[in-house]
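Residue-level structure breakdown
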Amino acid sequence: MTTKASHRLPKDVRAYGPDWLGRGDLYVATQPPIYRAEPAADGSLAIKVAWFRRVPGRLSLSAQRLDGAGRAEATAPADGYPDTGPLPSNVTVSAPGCWKVTGHLASTTVDAVIRVSGQPASP
């Protein structure tokens, strides 16, 4: 994933660290470079991807595998978080691999290309 220079990030986004990619109203965290998850009984992998909304609005998400066939579901919570600022999303993919997660907020679209591994993170 390409990272954006932190000095070009808006101050409200930069306050949460330098590792964000996006523009205008929407940013996505670029860390970690590889998302690790314990496979569920059906083989799917669930990860969290962090977003930053600079304007109020519903974040809609989609995901697609780039290196083969696969299914994905990506959702952001509708309630329980402030209208702007950091927002976690849940992304469940059918298999390890390279995935593109796309966020839409107002007129801004941001794509994040991530690698998902079926190996859990080390303690």
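Not measured: the values here are computed from a predicted model. Just so you know, the residues in each chain are numbered from 1, in the order the chain's sequence is written. For a predicted model such as this one, the threshold for reporting local features is a pLDDT of at least 70, and the threshold for listing and counting side-chain atom pairs is 80 or more; totals across whole chains, interfaces and linings nevertheless cover every residue. Calculation of side-chain values draws on the structure's entire complement of heavy atoms; hydrogens and water are dropped beforehand.

This brings us to the confidence of the model for the protein chain. Each residue carries a pLDDT value, the predictor's own confidence for that position, ranging from 0 to 100. With 91% of its residues at a pLDDT of 70 or more, the protein chain has an overall mean of 91. Any pair of residues with heavy atoms lying within 4.5 Å of one another is described as a contacting pair. Across residues 1-6, confidence stays below pLDDT 50; counting only partners more than four residues off in sequence or on other chains, it has 17 contacts.

Turning next to the side chain of Ser89. Helical segments are the DSSP runs of H or I of at least four residues, strand segments are the runs of E of at least two, and each set is numbered from the N terminus. With respect to the helices, strands and loops of the structure, Ser89 is situated in strand S7 (residues 85-93). At 3.1 Å, the side chain of Ser89 and the side chain of Trp51 are in polar contact. Those residues in contact with Ser89 that sit more than four places away from it in its chain are Ile47, Lys48, Val49, Trp51, Leu61, Thr75 and Ala76. Pairs of N or O atoms are called polar contacts if they sit within 3.5 Å, as long as, within protein, a hydrogen donor faces a hydrogen acceptor (for residues adjacent in sequence, only side-chain-to-side-chain pairs).

Attention shifts here to the packing of aromatic side chains. Pairing of aromatic side chains here covers Phe, Tyr and the six-membered ring of Trp, requires ring centres within 6.5 Å, and sorts the geometry by plane angle: under 30 degrees stacked, over 60 edge-to-face, intermediate tilted. Counted according to the given criterion, the structure contains two aromatic pairs. The interplanar angle of 75° and the centroid separation of 6.0 Å between the aromatic rings of Trp20 and Phe52 together place this pair among those described as edge-to-face. With Trp20 in strand S1 (residues 20-23) and Phe52 in strand S4 (residues 45-53), this residue pair connects regions lying 32 residues apart in the sequence. Of the two residues, Trp20 and Phe52, neither departs from the other in class, the shared state being buried. Per-residue accessibility, obtained with a 1.4 Å probe over protein chains only, is compared with the maximum for each type, and a residue is labelled buried under 20%, exposed over 50%, and partly exposed between these values.

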